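Each chain is listed here by its residues.
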Amino acid sequence: MGKMASEAFFVVVVAAAAAVVLANALPVRSERGGVEKDEVNIWPMPAWVSHGRGHLYMSNDFVLSTEGSGYGDASGILKDAFHRMLAVITLDHVVDANFSALHDQPLLQGLRIVISSPKDQLQYGIDESYKLMVPSPEKPAYAHLVAPTVYGALHGLQTFSQLCHFNFTSRVIEVHMSPWTIIDQPRFSYRGLLIDTSRHYLPLPVIRKVIDSMTYAKLNVLHWHIVDTQSFPLEIPSYPKLWNGAYSTSEQYSVADAAEIVSFAQKRGINVLAEIDVPGHALSWGTGYPSLWPSKDCQQPLDVSNEFTFKVIDGILSDFSKIFKFKFVHLGGDEVDTSCWTTTPHISKWLKKNGMNESQAYQYFVLRAQNLALSHGYEIVNWEETFNNFGNKLSRKTVVHNWLGGGVAQQVVASGLRCIVSNQDKWYLDHLDTTWQEFYANEPLTNITNLKQQKLVIGGEVCMWGERIDGSDIEQTIWPRAAAAAERLWTPYDELAKDPRQVTGRLAHFRCLLNQRGVAAAPLAGQGRAAPEGPGSCYVQ
C-alpha cells in the first residue's frame, strides 16, 4: 500500500488496540529474579501486539522463504540479516535437541517474508513498518513477515528474535505465547546515536559493534562526530594534510574505512550522519594547514577572512559526498568564541573592511558553509546556537539540533524549521548522573501541541561524547540508557511513557538480552556505567 494509506491503516489499528498494547506491556517480575513466560518482553514495545498462550518449537532447519516477494535481495541484505538473527537467537548455545522425541510437538519450519518494494536504497524517511504473524501451535508451519521495504523487514526480524528462547531442558529454541500478531512502525523517522572519534579514537571493530547493538533497539542513525579540536582522524583526499591532525598514524580512518562503515551500517538499516563542526571545534585542522588558524597563538575558530578556509570546507564536503550518502550533513556551529577574530590584526581589518562585527562574521561563516553543503546536494543539520543567534537567516533546508535545554524545539518548529532533540540534561550519555528513568521520561514533543509543528520534530538522538570514554567502556556507557530513549522514539506515546516504573522489568530483560548477545550493557540500578552491586541474577541488577 502507499505511504499515506499505510499511515492511515496504522492509526486506525493502533487506536483500536491501545488497551491491548497497554495490557501486554506491563512486565511481571518473577520470584526467582527471572522472567515469567507469559510476560511480553519486546523492546522497544511495538505499536500493536496480540498474543496467545501456546508454545512452538523451531525446527533445526529453520529457513527463510521469500516466495511471492517483490524484493529480489540482490545485495544480500535480507539473507545476511536472517543469518544474524539465527545467531543471536541461539546465543552460541548448542542446539542439540532430539527432534524425534518431539514428534508430537508443533515445529516452526521457517519464516516467510514478503517485501513490496524491489529497491533497497536507504534514505531518510523510508517506510520502516512491518507486520509479523507467528501461527498457533495447531498450524505451525511458517511465521510470516510482511513489510513495504527490506528495512521494515529488518525491524521485524529483530522483533521476532526477541520472541525466541533457548530451552536448556529440551535444547531447542522455543517461541512462547503463540500465536503472535504484531503491527508496528516507528513514531519518529530519525532515531540517532552520536559517537565521538575525536576526543578518543574508536577502532573500527568497536564502531561496528556499536552499530550492531543499535539494531537491537531499532535506532537508525549513527551520528559520526568524526573530528574536533583534539584530533582529525579521517583521510580527506582533497586536502591530505588534514590527516596530520590525528593523534597517531595508527589512530586514523582511511576513505575506504569510512566507506566500509557506511556500507556495514546501511546493510543494517542505519544511516551515517557525518559531522564537521565549523567554525569552532576545529583547532586540529591547522596541524596540517596552519593558515586555517587566525594566528599561531590564537588558533580557533577557523579564519573567517581566509578564502582558503572555505576551499577546504568545500573539499571536505566534496569528499564526504562520495562516501556519506545520507540526505543530511552536520555542520556543527556550536560554542563559537569569536575573540580570536577581533584580536587578530588581519581578521580585525577584514571585519572593518566588510562592515561586520564578530557576531555578523559568525553568521556569515555558518551561512556560507551551509551554501557549500547545499551545492553538494546535502540538507543541513546545525547545533542550536545558530538558530538562537540568527534563526531567520538559516537555510529552510536546515534541521536545528537542540542540545542546550528545554523550550528550543518549541521555538524551532514554530519558526517552520525542523528539529532533532538531544537536550543535554536528559539525553547526553556522558552525563553519568542521568538515570535511565530520566532518559525514558524525556519527551521530544514537550509543549508542542500543533500537529503540523509536531511533524517538524523529525526525532531525537542520544549523544555519546568521547572525553571520558573509549573502546574500553563505550558499550556500558551507551546501554541500557540509550534503549530507554530508543523506546521513546519508536513506540507511540501512551500511559507507559508517564511512569517508567511500569517498564523496569522489561528493560531489565532487554539489558540482559544485550549481555547475552555480547553487548556490555551496564545494570539498570545506579547511575550510568554502574557496576553490579553484588552477586545476583542479571534480571535484578
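Residues numbered from 1 in each chain as written. Predicted model: local features only at pLDDT ≥ 70, side-chain atom pairs only at ≥ 80, totals over all residues. Heavy atoms only, no water.

Some thoughts on the overall build of the chain
Next up, step 1: Counting secondary structure elements, the chain contains 18 helices and 14 strands.
Next up, step 2: Over its C-alpha atoms the chain spans a radius of gyration of 25 Å, differing by no more than 12% from the 24 Å that the globule rule assigns to 541 residues.
Next up, step 3: Principal-axis analysis of the C-alpha atoms gives the chain an extent of 90 × 50 × 50 Å.
Next up, step 4: Looking at the chain as a whole, 58% of its 541 residues are labelled buried. (Helix = DSSP H or I, 4+ residues; strand = E, 2+ residues; numbered from the N terminus. Rg over C-alpha atoms; globule rule 2.2 N^0.38 Å. Buried < 20%, exposed > 50% of the residue type's maximum accessible area, 1.4 Å probe, protein only.)

A look at helix 10 (residues 358-375)
Next up, step 1: The end-to-end C-alpha separation of helix 10 is 26 Å, in line with the 26 Å expected for 18 residues at 1.5 Å each.
Next up, step 2: Among all positions in helix 10, only Ala361, Tyr362, Phe365, Val366, Leu367, Ala369, Gln370, Leu372 and Ala373 are buried.
Next up, step 3: Taken from the residues just after helix 10, Gly377 is the one with a positive phi, measuring 85 degrees. (Expected span 1.5 Å × (residues − 1).)

A look at the pairing of strand 3 (residues 130-134)
Next up, step 1: The alternating pattern of strand 3 places Tyr130, Leu132 and Val134 on a buried face, while none of Lys131 and Met133, on the opposite face, is buried.
Next up, step 2: Pairing between strand 3 and strand 4 (residues 142-147): three bridges, direction antiparallel. In the strand pairing of strand 4, Leu132 is matched with Leu145. (Pairing = 2+ DSSP bridges.)

Looking at the UniProt feature "active site" (unreviewed entry) in the chain
Next up, step 1: If you check UniProt for "active site" (unreviewed entry), the listed places come out as Glu335 in our numbering.
Next up, step 2: The residue Glu335 is located in the loop between strand 10 (328-330) and helix 8 (339-343) in this model.
Next up, step 3: Excluding anything up to four places from it in sequence, Glu335 contacts His281, Glu385 and Trp403. (UniProt positions renumbered as here; feature names shortened; annotations may be inferred. Contact = heavy atoms within 4.5 Å.)

Thoughts on the packing of helix 2 (residues 77-90) against helix 3 (residues 150-163)
Next up, step 1: With their axes 10 Å apart at the nearest point, helix 2 and helix 3 run at an angle of 10 degrees to one another. For the element pair helix 2 / helix 3, the angle class is roughly parallel. Side by side, helix 2 and helix 3 meet where Ile77, Leu78, Ala81, Phe82, Met85, Val88 and Ile89 of the first sit next to Val150, Tyr151, Ala153, Leu154, Leu157, Phe160 and Ser161 of the second.
Next up, step 2: In the contact of helix 2 with helix 3, the residues fall into 13 nonpolar, one polar and no charged. (Axes fitted to C-alpha atoms, helices over the stretch in contact; angles between N-to-C directions. Parallel < 35°, antiparallel > 145°, perpendicular 65-115°, else oblique. Nonpolar A, V, L, I, M, F, W, Y, C, P; charged D, E, K, R; others polar.)

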